[in-house]
Amino acid sequence: MTILCFGDSNTFGYDSRSHLGDRYPKEVRWTGLLAACTGWAILEAGQNGREIPHCPWELDDLTHRARQADITVIMLGSNDLLQSPDFQAEDVSLRMEVCLSHLLQTRAPASLLLIAPPPMVPGSWVAGDRLPRESARLARCYQALAQRLGTSFADAGTWQVELLSDGVHFSPAGHRAFANGVLPVLQSLAVRLL
């Protein structure tokens, strides 16, 4: 089984405690933990600062990557909220709908897993109540979107993912919790695809 994990800095494994932009070692990152416990080929496609693809070249790049995998996991939306102060959860969900609809032109709905990121919490990157509120609302919007499009959905906000003091990035314990949460979801999807 080959799994494409397409996301932002939390898929990349960014360690915000580092002043040099370092990432956690493979054995700490949720993608590495997933590979170690399953033996699956995990295609890590996390990128710091990535927003939901919405330009044609970004959408084409994602589609090309997804063709190389049995299952494509997409966890994005946090940076869309961080970079666009006027965005609400519905705006992010609309952008995700465009992205997933593009993917569904060549990929079956059963091969896509949309994950709502854990909600942000107050921290050095998160001031005020807009980001925690809208990031928490994202799960409901994404769930409705996944139901409409027929893709799978998971809410990482239910996995007790610990965040660092910036209020955005996973701690090492957060990566373990995320791996433990996503594993049964992917195992169920893999069984259905076999």
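Residues numbered from 1 in each chain as written. Predicted model: local features only at pLDDT ≥ 70, side-chain atom pairs only at ≥ 80, totals over all residues. Heavy atoms only, no water.

1. Quick notes on the overall build of the protein
Along the backbone of the protein there are seven helices and five strands. Reading the protein from its N end, one meets helices and strands in the order β-α-α-β-α-β-α-α-β-α-β-α. Here the C-alpha radius of gyration of the protein, 15 Å, is about what a compact globule of 194 residues would show, namely 16 Å. Relative to its full complement of 194 residues, the protein shows a buried share of 52%. The long-range share in the protein, meaning contacts at least 24 apart out of those at least 6 apart in sequence, stands at 75%. Carbon and sulfur atoms make up 52% of the accessible area of the protein, which amounts to about 8,700 Å² in all. Measuring between centres, the 16 positive side-chain charges of the protein sit 5 Å from its 20 negative side-chain charges. (Helix = DSSP H or I, 4+ residues; strand = E, 2+ residues; numbered from the N terminus. Rg over C-alpha atoms; globule rule 2.2 N^0.38 Å. Buried < 20%, exposed > 50% of the residue type's maximum accessible area, 1.4 Å probe, protein only. Contact = heavy atoms within 4.5 Å. Areas by Shrake-Rupley, 256 points an atom, 1.4 Å probe, with all protein chains shown as cover. Lys, Arg positive; Asp, Glu negative; His and termini not counted. Charge placed at Lys NZ, Arg CZ, Asp CG, Glu CD.)

2. As for helix α2 (residues 30-38)
Buried within α2 are the following residues: Trp30, Thr31, Gly32, Leu34 and Ala35. Elements that come into contact with the buried residues of α2 comprise β1 (2-7), α1 (9-12), β2 (41-46) and α7 (172-193). Looking at the residues trailing α2, positive phi occurs at glycine 39, about 80°.

3. With respect to unusual backbone geometry
We note that glutamine 160 has phi near 55°; this positive angle belongs to a residue other than glycine. The residue glutamine 160 is located in the loop between β5 (152-155) and α7 in this model. Judged by its relative accessible area of 65%, glutamine 160 falls in the exposed class.

4. A look at the sheet that holds β2
Either a parallel or an antiparallel arrangement is found when strands of a sheet pair, and the pairing is made through backbone hydrogen bonds. The parallel open sheet is built from five strands, whose spatial order is β2-β1-β3-β4-β5. A single partner strand is all that each edge strand has here, and the edge strands are β2 and β5. The average angle at which neighbouring strand axes cross in this sheet is 20°, direction not considered. As defined by bridge partners, strand β3 (residues 71-75) adjoins strand β4 (residues 112-116) across three bridges and the pair is classed as parallel. Bridge pairing links valine 73 to leucine 113 in β4. The sheet contacts of helix α3 (residues 56-66) involve β1, β2 and β3, and relative to β1 the element is tilted by about 160°. Its contacts with the sheet place helix α6 (residues 130-149) against β4 and β5, and it is angled at close to 165° to β5. (Pairing = 2+ DSSP bridges. Axes fitted to C-alpha atoms, helices over the stretch in contact; angles between N-to-C directions.)

5. Re the pattern of salt bridges
One pass over the full model with this rule turns up 11 salt bridges. Arginine 95 serves as the salt-bridge partner of aspartate 80, at 2.7 Å between the closest nitrogen and oxygen. With aspartate 80 in helix α4 (residues 78-83) and arginine 95 in helix α5 (residues 89-103), the pair connects residues that are 15 residues apart, well separated along the chain. One exposure class covers both aspartate 80 and arginine 95, and it is buried. A single network of salt bridges, built from pairs that share partners, joins Glu90, Asp129, Arg133, Glu134 and Arg137. (Salt bridge = Lys/Arg side-chain N within 4 Å of Asp/Glu carboxyl O.)

6. Here's the deal with the pairing of β3
Within β3, five of the five residues are buried, which leaves it mostly tucked inside the rest of the structure. Burial of β3 is two-sided: the residues Ile71, Val73 and Met75 facing one way and the residues Thr72 and Ile74 facing the other way are all buried. Direction of pairing for β1 relative to β3: parallel, over a ladder of five bridges. Residue leucine 4 lies in a different strand from β3, and its bridge partner there is threonine 72.

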